[in-house]
Each structure stands twice: as C-alpha cells, then as structure tokens.
Amino acid sequence: MDSSRRRILQLLGLSSLALTAKPVFNAFAVEEHAEKPKAILKDGENALKAKQWALVIDTRQFESEEDLEPLVEVCNKVHNVPHLSEKRHEIKWIWGEHYHNAFPGKAARFLSEEVEHKPFLVLCNHCENPPCVRACPTQATFKRESDGIVLMDFHRCIGCRFCMAACPFGARSFNFRDPRPFIKEINDKFPTRAKGVVEKCNFCAERLAVGQLPACVEVSEGKLAFGDLYDPESNVRELIRTHFTIRRKQTLGTEPSVYYIV
Amino acid sequence: MKDKKIIITGVVIFIVIVTFPFWYNRGKAAPAPELQLTDKAKAAKVCVRSTEYMKAEHMQLLDVWREAVVRKGERIYVSPDGKEYNMSLSNTCLDCHANKTEFCDRCHNYASVRPYCWDCHIDDKLKEKS
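Numbers given to residues run from 1 along each chain, matching the order in which its sequence is written. Starting at A for chains and at 1 for ligands, labels are handed out in the order in which the entities are written. Given that this is a predicted model, residues contribute local features only at a pLDDT of at least 70 and side-chain atom pairs are listed and counted only at 80 or more, while totals for whole chains, interfaces and linings are drawn from all residues.

Thoughts on the overall build of chain A
Basically, it comes down to this: The helix count covers DSSP runs of H or I at least four residues long, the strand count covers runs of E at least two residues long, and both are numbered beginning at the N terminus. With C-alpha atoms as the basis for the radius of gyration, the globule rule is written as 2.2 Å multiplied by the number of residues raised to the power 0.38. Here exposure depends only on C-beta density: within 10 Å of a residue's C-beta, 20 or more other C-beta atoms make it buried, 12 or fewer make it exposed, and intermediate numbers make it partly exposed, the C-beta atoms being placed from the backbone. We call two residues in contact whenever the C-beta atoms placed from their backbones are within 7 Å.
Scanning chain A from terminus to terminus reveals 10 helices and 11 strands. Its C-alpha atoms give chain A a radius of gyration of 28 Å, more than 25% over the compact-globule value 18 Å for 262 residues. Dimensions of chain A along its principal axes, counting C-alpha atoms only, are 105 × 45 × 35 Å. Buried residues in chain A amount to 33% of all 262 residues. Across chain A, every contact between residues at least 6 apart in sequence was considered, and the portion connecting residues at least 24 apart equals 65%.

Some points on the interface of chain A and chain B
For clarity, the threshold we go by: By the convention adopted, Pro, Cys, Tyr, Trp, Phe, Met, Ile, Leu, Val and Ala count as nonpolar, Lys, Arg, Asp and Glu as charged, and the other residues, Gly among them, as polar. Two strands make a pair as long as DSSP finds a minimum of two bridges between them.
Between chain A and chain B, the contact holds 24 residues from the first and 21 residues from the second. When residues in the side of chain A that touches chain B are grouped by element, the largest group, three residues, is from strand β1 (residues 40-42) of chain A. By residue class, the composition of the side of chain A that touches chain B is 11 nonpolar, four polar and nine charged. Looking at chain direction, β1(A) and strand β1 (residues 76-78) of chain B are connected through three bridges and run antiparallel. From the neighbouring strand, A:L41 faces β1(B), where its bridge partner is B:Y77.

Some thoughts on the pairing of strand β9 (residues 224-228) of chain A
All names here are of chain A. Most of β9 is tucked away, with five of its five residues classed as buried. In this structure, strand β2 (residues 53-58) lies alongside β9, joined through five bridges in antiparallel fashion. Residue pairing in the sheet places A54 in a bridge with G227 of β9.

Structural notes on the sheet that holds strand β11 (residues 258-261) of chain A
Residues and elements named next belong to chain A. This is how the line gets drawn: To get an axis, a line is fitted to the C-alpha atoms, and for a helix only the part in contact is used. The angle between two axes follows their N-to-C directions and goes from 0 to 180 degrees.
Here we have four strands laid out as an open sheet, ordered β9-β2-β11-β10, and mixed in their pairing. Each edge of the open sheet is held by one strand with a lone partner, namely β9 and β10 (245-246). Along the sheet face, helix α10 (residues 235-242) touches β2, β9, β10 and β11 and points at about 115 degrees away from the line of β9.

Brief notes about the nonpolar core
Definition in use: We call a set of buried Ala, Val, Leu, Ile, Met, Phe, Trp, Tyr and Cys residues a nonpolar core when their C-beta atoms link them within 7 Å.
By size, the foremost hydrophobic cluster in this structure holds 55 residues, and its most contacted members are A:V56, A:C75, A:I94, A:L121, A:L123 and A:L224. For this core, the leading source of residues is β2(A), giving five residues. Setting aside residues no more than four positions away along its own chain, A:C75 makes contact with A:V81, A:W93, A:I94, A:A215 and A:C216. B:W65, B:V70, B:Y77 and B:M87 belong to the second-largest nonpolar core, a separate cluster that totals six residues.

Describing the sheet that holds β1(A)
Sheet architecture is open: three strands sit in the order β1(A)-β1(B)-β2(B), paired in antiparallel fashion. Unpaired on one side and paired on the other, β1 of chain A together with β2 (84-86) of chain B mark the two borders of the sheet. Neighbouring strand axes in the sheet, compared pairwise and without regard to direction, differ in orientation by 25 degrees on average. Sheet analysis places β1(B) next to β2(B), joined by three bridges and oriented antiparallel. Among the inter-strand pairings, B:V78 is bridged to a residue of β2(B), identified as B:E84.

Topic: helix α3 (residues 51-72) of chain B
All names here are of chain B. As a reminder of what qualifies: What a helix should span is 1.5 Å times the count of its residues minus one.
In this model α3 runs just 27 Å from its N-terminal to its C-terminal C-alpha over 22 residues, more than 12% under the 32 Å that 1.5 Å per residue would give. Residues W65, V69 and V70 constitute the buried set of α3. The positive-phi residue at the C-terminal boundary of α3 is G73, with phi of around 75 degrees.

With respect to the confidence of the model for chain B
The test is simple: pLDDT measures the predictor's confidence residue by residue and takes values from 0 up to 100.
Chain-level statistics for chain B give a pLDDT mean of 90 and a share of 99% at 70 or above. ipTM for the predicted complex: 0.79, alongside a pTM of 0.81.

Examining the environment of A:G196
Residues and elements named next belong to chain A. In this structure, G196 sits in the loop between β7 (173-174) and β8 (198-199). For G196, a count of 15 C-beta atoms within 10 Å gives the class partly exposed. Non-local contacts of G196, meaning those with residues more than four positions away in its chain, are made with G159 and N175.

Here's the deal with the pairing of strand β4 (residues 120-123) of chain A
Residue and element names in this part refer to chain A. Burial of β4 is two-sided: the residues F120 and V122 facing one way and the residues L121 and L123 facing the other way are all buried. Pairing of strand β3 (residues 94-97) with β4 involves four bridges; the strand directions are antiparallel. The residue of β4 that forms the bridge with I94 is L123.

Some details on helix α4 (residues 89-96) of chain B
Filter applied, for reference: This arc is built from the directions going out from the helix axis to the C-beta atoms.
All of the buried residues in α4(B) are B:S90, B:C93 and B:L94. The buried residues of α4(B) occupy one face: seen down the axis, they fall within an arc of 100 degrees.

Some details on unusual backbone geometry
A positive phi angle, close to 55 degrees, is found at A:E221, a residue other than glycine. Positionally, A:E221 belongs in the loop between α9 (215-219) and β9. The exposure class of A:E221 is exposed, given the 10 C-beta atoms found within 10 Å. We note that B:K45 has phi near 70 degrees; this positive angle belongs to a residue other than glycine. Locating B:K45 in the fold gives a position in the loop between α2 (39-44) and α3.

If you want it as structure tokens, here you go:
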C-alpha cells in the first residue's frame, strides 16, 4: 500500500471522528446498566443488637447434671447437634465440666465439696480477642463486627482444625463423621453440618436475628443472663457489678465474654 | 511425494476419530429438562426476581445471600419491586419449590452440576422424614 501524505491525513481525520463517538457508546452503556433494578439487603426489624454480647451464668443455681440437661438438650435440638457416643467423635456446643477442668489454675488443692462435685456449664466464650479467628487460614471463623459474636462460616471451613488447636477452652468440635445419621430429631429450620467441618456455639445468632434470646437462656428460668457487655445499664453489667464473677482462663488475655457467678 | 497415499489415509482416519462423537451422537441430544412448579410457586407467579434473572443468575444471588446472612447478619432481602424475603435456602426457596427433585435437580442433572448445598441444608426429602 502506498502511504501518501494525503492518505495519512485522511486516516487521522477518520480516527478523531471515531473518538468523538465514544461518549455516545458510554451513554448507551450507562443506560443499560441503570435499567438493572437494585435489591436491598438489610437486617430484620426485630433483631436484637449489642456491641458485644455477653452471658452471665449463675453457677449457684446449678447443682447437678440434671440442672444443666434441659439447656444442653434444647441447644442440641435447635442446632441439629449430633449425638455421637464415641468420645473422640463427640460434637459439643454447650456442656457440663468439673470445676478443675473449667477453671484450671483457679482450683485450689482443697475445695468446697459442693464446687468440687457439681458441673459447670461451659460453651464458646465468644472472646473479645479470639485466638481461633487468628488461626483460621480461610476466615471461616470470624468475629462479627456488629455484635462481637465469634461465628463460623461452614461454607468456607476446610477442616484444618487450627482453630481447635488455638482455642484454649476446647469449645470446638470436628465432624469426623457425617453428622446426619446421629441427629435424633432434625429441626428443619436450621441446617446440619457436613463431614469435615468444625463447629461450635454461635450464641444463637439465628435467634437474635429474629428478636429471640439464645435457646439456653430462654429455658434457664433466669439462671443465665444475656445482654450487652458495653451497655452500662444492661442486665449483664448489673449482675457483674453486684456479684463476684470469674471467667475461664482469664490470664490468657482472650477476654472471654462468658462470666460465672460463683 | 511418494507417501501421498499413506498421508491421506492417515488424515482421513484422524478426522474420522476426532469427529466420531459428533456423528455417533447425532440426533440423540437429550431434550432440555422440563421443570415442574408446585401449586404454591404457580400461585406466587414471580420468584424473588424475574424468571429470566433467576434462570441465569440464581447462583450469584444465592452467593450474595449466604455472604450477607452468614457474615453480615443481614437476613432480609428487599427485591426491586419492594417485597421483603427472608434470605434462606431451606426456608424460603424450598418453601415454594418444595419439589427439589422435579425443580432444582432436573436442570442440575442435565447440566451435570452437583451443588453441595444439600450436604448441610435441609432438602424436601429430609423435611418429610423429620
């Protein structure tokens, strides 16, 4: 092709003309985009809110395993927690533990007989500085900014169990087996878990979202109190202010949000 | 060009082998699956979005839903026409589409996709059992 000066000038002219067409295309593109309707995501109107949820357990009112049973039962039922009899496959969200296991370091050599023998209710402490969250490589477990609950996103969990190693409270369980055959009665409003994921207490996030208190608190007949730790007027702060309370392994600095009146 | 014959035979054999699946399966394409709607779904007429949108983008929609519910605690979906829905696979989607086998599964089997939602989420079969 011979490239004369005339031809090059013609091409330049055409190109600059083409450039002016770009805003027209843009306008079309925007219009098409604007036609797409937008949906809004929001939380429910009844949802209970707090800066950091906390639980106060009045251990004086729990005397035996039978006293804990309804609380554990209702939790297992609403969350489809399987019952595996083999100890190493066990799945636990909330359960009873001896004083010297629940509060190691706080157990004196000789204890009152009552404290020594009665079970203490333990569950995930929803720490303010949760080591499990730091250990998780996929951010499957995370501390929810809105209310401080340490939650699990089972979709993301790869079953590496770093969180179990990191949690100083043994609050996490791993599904070594498919849990479904071991669930006595399936609650079809809540999902089950699959083999290969870790699970733990979620402070009943699904109930808080619809304005209900956690299931264990509801059936405890006032033995448990649930509220906002950062609201000085809240019921939990009132209890903490007026009673002597302890927390599990406080010296580790994880700042547990579960307080025990002893 | 002494090997002309051999080369041509080879090329013909190659073409036959490569195109084998096409002419062997000609006219035997599986028909597109027909979806059945439950009476409830028929009565509702529209899903959370238009049918075209749901056909093409339900997986993206569900992904947004799961992110919002699990990680942000947002559980209400307000569709562009202002209706509110609880973002829940088992309790909202399967409430209308209670016939997973005739609805979800038919297309998924046809397209050979195997979503693992139902490993954890409760489907209609499990609902019947409980």
